[in-house]
Amino acid sequence: MTRWLSLICALVLAGCVRPAEERAERDLEIGEATIGTTSVRVSGGLAAIRRGTPGEIELWQSAPAIDIHFQRPKDAPSQWTVRIKNTTPDLLARASGAGKSLSLTQSAGSVRTQATLSVNLPVGESTLSLAPADAADSGSFRFAVLSDVQEAIDDVQDIYRKMNAEPGLRFVLGAGDLTQQGTVSQLTRFEEELRVLELPYYTTLGNHELGAGPPPFQDLYGRANFSFEFKAVRFSMLDSASATIDPLVYGWLDDWLADGRDQTHIVAMHIPPLDPIGVRNGAFASRAEAAKLLSRLAKGRVDLTLYGHIHSYYDFDNAGIPAHISGGGGAIPERFDGIGRHFLVVEADGAVGVKGVRVVRVD
Amino acid sequence: MRARARGACALLVCSVVCLPAGAEPSAKAAAEPDAPGPGVQEAVAKDASDDDRDVAEWQPGASQVDNAPAAKPKDSRADQTDPSVRARNVAIALGPGFLLHGSGQRAAGNPEAAHRLLAVQATGLGLVVVGLGGLAATGASRYTAGPLAATMILGAGLFGTSYLSDIYATARPHDSVGRPATNAPTSVSEVGHRYVYDPQFRYRQFLVQAFDARVGRFTLSPQGWFALDDENARITAHLSYRFSGPLPSGPPAADGSYWDLSLGASHHRYDSDGFRILGAELLTRVRRDMLRYGSAYRGAFTEAALGVGLLRTDYNIEGTPIDSDYSDLLLAELAFGAYFGDAQGRGGEARVYYDHRHDGYASGLHLTGLGSGVAGHFGIDVRGYFTDTFGLRFDAQIGASHIVGMSLLLRSGKSR
């Protein structure tokens, strides 16, 4: 009997009721840094501060529009260079501080999704706002969805070239599993491949980013759970990589749902709450938690749910919300489904809702 | 060699849900579902040689074991009575035995049992490779994922069974093993408390009530879990038919082995969270007493269950009618356990199990790495009677939540 109890104890240690807790807590630290004596904060944690020295900072943008707040004391340098990665090619940067607009210089990087800004910051608080010119306008726009690249990274350029050829795309939304294990080298390789893509790639993480613990994803690509608005459409990205949403995140989600209740609201995550093929259960570990999440999304009048994890394409409804599973990045494809590598093109409108979802086959 | 293979096969099929057909290859055995098949009989006869008198005394009613030839006693476990030797052998079973099942029995001087356990381990690993490899090769195709997942679970179950069997056979005291109930009680009532820690939901304290009523081969089993601190309750009812095994009346069964087919329904309300889940399921469950595969395993049993379920989730959001969600569910359960005392009198049984279901309170296991979501939950269930009528049950489960609790048991029916 004592051996059985030992076995059970081992299983208790292996299992955990809040496997995403550390990542949720880490999210709270993303987008905040003190560089020398200057504090820097990105609103909503919508960018990862990758590195910084007094007078210079490098960011990875997680959303089309971000505000960077600086608090500069007297003894800190006033001239700052802000290197931005994963930004929109039509970036419009503005700076304000000490109650007035600040002049800045903006130069494009060697890659279309990179930019460098130089700004002279006054003592005290100042804000640098980065956004496409039409970020606050309503109207229809299109974006792509791509997930589950994993071991197919060598061939991902095919997909990026096809995306570049799609007219009118504003960005790519990722639902995780960029890599096979989520190591720094694999995440760096993913970024290198992204240089071909002429669009920014805003993504949460998948279970395949959890192979190297603690996962370095957030240091490089930003928050695992975040929400942003673009052209009056709200996007909420959730970390379901452990087949659950951490209770801390449900609190944030309630706020995002309240914010997006009267907007078009699109929610994306990696592991879907429900797998259309239930006996497979490529889904949440608990059907009850799946129903809890879907009940909240329905109550929050979410217009569209997007998932990855399953390497095929499924179009279904969950809690009455249109749902699309798209794991077409090239990772071991689901056989006999006739789908293959693909991505989605979604057309959304802040006033009208989701106008359409189209599958674009790559092979 | 052929006998070894037959013995290994007998142990292998003990976890297969179609066991009654698979384990009873002869027409005679098919006609007598409780009787061990030829291979089983041979294994019992062979291993009965170490303790014929004890086995014969244990077997109630007509039993194949009674016909075991009175072979020359050869107590290969003699030195097992030495506690230090036994401790060493158990350590071998636990440590190196994890990689090479049967190591404990080999150290204890039972090479044939060790070979059988190794064969079962190899078969289990083979099935895991087939299941896992098949899932990888097909990309978890919608058309094959269910059978391949079931194959993988079965393989893992065989692996676990051979490992635990080795530990059990090596560790069990030589002179005190439990005996199964060979007649089922007419009724069992249960009332108890469960503490459920699930960070996703408010509930923690539950009143649990259950009742099993048996009439002939049929059992009706309603059960309810009622939250004392939340608007949450899960009510289930199963109607089971016993093809073979202990019944409430009639002659006692040969042992505790049984084969049931069960039709179930569930209603789980999460009123404070705005949804309800209704379920229907069909499940077949097999228990095999391990004595059938060798006297070293006397007092132990293994279980397997397989089935499918269908869930309907209804959402209750004020002012917004929402279509229900439907999802299917693979049901698979594997258990290893042991009787203690006299399960029909003062005694009971303890079992550890894996349950693949993802509904209910325990649901599926959360893991911190790559593989969260697919696995079900683990548990330990101990039921013991301190009189012919009253008993206690200890229940602990770990999955998406942690569950622990005790119940008072009250039974009626035949007693020893």
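Quick notes on the overall build of chain A
Here is step 1: Along chain A, the regular secondary structure elements total seven helices and 22 strands.
Here is step 2: For a compact globule of 363 residues, the expected C-alpha radius of gyration is about 21 Å, and chain A comes in at 21 Å, within 12% of that figure.
Here is step 3: C-alpha extents for chain A along the principal axes are approximately 65 × 55 × 40 Å.
Here is step 4: Counting contacts in chain A only where the partners sit at least 6 residues apart, residues at least 24 apart contribute 70% of the total.
Here is step 5: About 12700 Å² of surface is accessible on chain A, with carbon and sulfur atoms providing 49% of the total.
Here is step 6: Side chains of chain A carry 35 positive and 44 negative charges; the gap between the two charge centres is 2 Å.

Points about helix α6 (residues 83-94) of chain B
Residues and elements named next belong to chain B.
Here is step 1: With twelve residues, α6 extends 16 Å between its outermost C-alpha atoms, agreeing within 8% with the 16 Å of an ideal straight helix rising 1.5 Å per residue.
Here is step 2: Of all the positions in α6, only V85, N89, V90 and A93 are classed as buried. Angularly, the buried residues of α6 cover 135 degrees about the axis, an arc narrow enough to put them on a single face. For α6, the exposed residues set more than 90 degrees away from the buried face come down to P83 and S84.

Let's talk about the sheet that holds strand β3 (residues 218-227) of chain B
Here is step 1: A barrel is described by the order of its strands in space; here twelve strands give the closed sequence β1-β2-β3-β4-β5-β6-β7-β8-β9-β10-β11-β12 (chain B), paired in antiparallel fashion. The mean angle between the axes of side-by-side strands here comes to 15 degrees, regardless of whether they run parallel or antiparallel.
Here is step 2: Here strand β6 (residues 275-289) of chain B pairs with strand β7 (residues 300-315) of chain B via 15 bridges, running antiparallel. Residue pairing in the sheet places D289 of chain B in a bridge with F301 of chain B of β7 of chain B.
Here is step 3: Relative to β6 of chain B, helix α7 (residues 287-299) of chain A is tilted by about 170 degrees, and along the sheet it contacts β5 (258-270), β6, β7 and β8 (325-341) of chain B.
Here is step 4: Lying over the sheet, helix α10 (residues 145-171) of chain B contacts β7, β8 and β9 (347-355) of chain B, oriented at roughly 15 degrees with respect to β8 of chain B.

A few points about the pairing of strand β3 (residues 47-53) of chain A
Residues and elements named next belong to chain A.
Here is step 1: Pairing geometry for β3 and strand β4 (residues 56-61), over six bridges, is antiparallel. Bridged to I49 within β4 is L59.
Here is step 2: Between β3 and the antiparallel strand that follows it, β4, lie two residues; G55 among them carries a positive phi value of about 95 degrees.

Let's talk about the packing of aromatic side chains
Residues and elements named next belong to chain A.
Here is step 1: In the structure shown here, the tally under the stated rule is 36 aromatic pairs over all chains.
Here is step 2: Ring centres of F143 and F235 lie 5.1 Å apart, and the angle between their planes is 80 degrees; on these two criteria the pair is classed as edge-to-face. In this pair, F143 is assigned in strand β12 (residues 140-146) and F235 in strand β16 (residues 233-238), connecting sequence segments 92 residues apart. Note on accessibility: F143 and F235 belong to one class, buried.
Here is step 3: With a centroid separation of 5.5 Å and an interplanar angle of 75 degrees, the aromatic rings of F171 and F235 are classed as edge-to-face. Of this pair, F171 sits in strand β13 (residues 169-174) while F235 sits in strand β16, and the two are 64 residues apart along the sequence.

Looking at the environment of D255 of chain A
Residue and element names in this part refer to chain A.
Here is step 1: Inspection of the secondary structure puts D255 in helix α6 (residues 247-260).
Here is step 2: Relative accessible area serves as the criterion here: at 49%, D255 is assigned to the partly exposed category.
Here is step 3: When the C-alpha positions of D255 and S227 are compared, they lie 9.9 Å apart, and in sequence the two are 28 residues distant.

Quick notes on the side chain of T313 of chain B
Here is step 1: Structurally, T313 of chain B is set in strand β7.
Here is step 2: Contacts of T313 of chain B, omitting those with residues within four sequence positions, involve A291 of chain A together with F275, R276, I277, S324 and D325 of chain B.

The rules behind these values
- Residues numbered from 1 in each chain as written.
- Chains lettered and ligands numbered in written order.
- Predicted model: local features only at pLDDT ≥ 70, side-chain atom pairs only at ≥ 80, totals over all residues.
- Heavy atoms only, no water.
- Helix = DSSP H or I, 4+ residues; strand = E, 2+ residues; numbered from the N terminus.
- Rg over C-alpha atoms; globule rule 2.2 N^0.38 Å.
- Contact = heavy atoms within 4.5 Å.
- Areas by Shrake-Rupley, 256 points an atom, 1.4 Å probe, with all protein chains shown as cover.
- Lys, Arg positive; Asp, Glu negative; His and termini not counted.
- Charge placed at Lys NZ, Arg CZ, Asp CG, Glu CD.
- Expected span 1.5 Å × (residues − 1).
- Buried < 20%, exposed > 50% of the residue type's maximum accessible area, 1.4 Å probe, protein only.
- Arc of directions from axis to C-beta.
- Pairing = 2+ DSSP bridges.
- Axes fitted to C-alpha atoms, helices over the stretch in contact; angles between N-to-C directions.
- Phe/Tyr/Trp six-rings, centres within 6.5 Å; stacked < 30°, edge-to-face > 60°.

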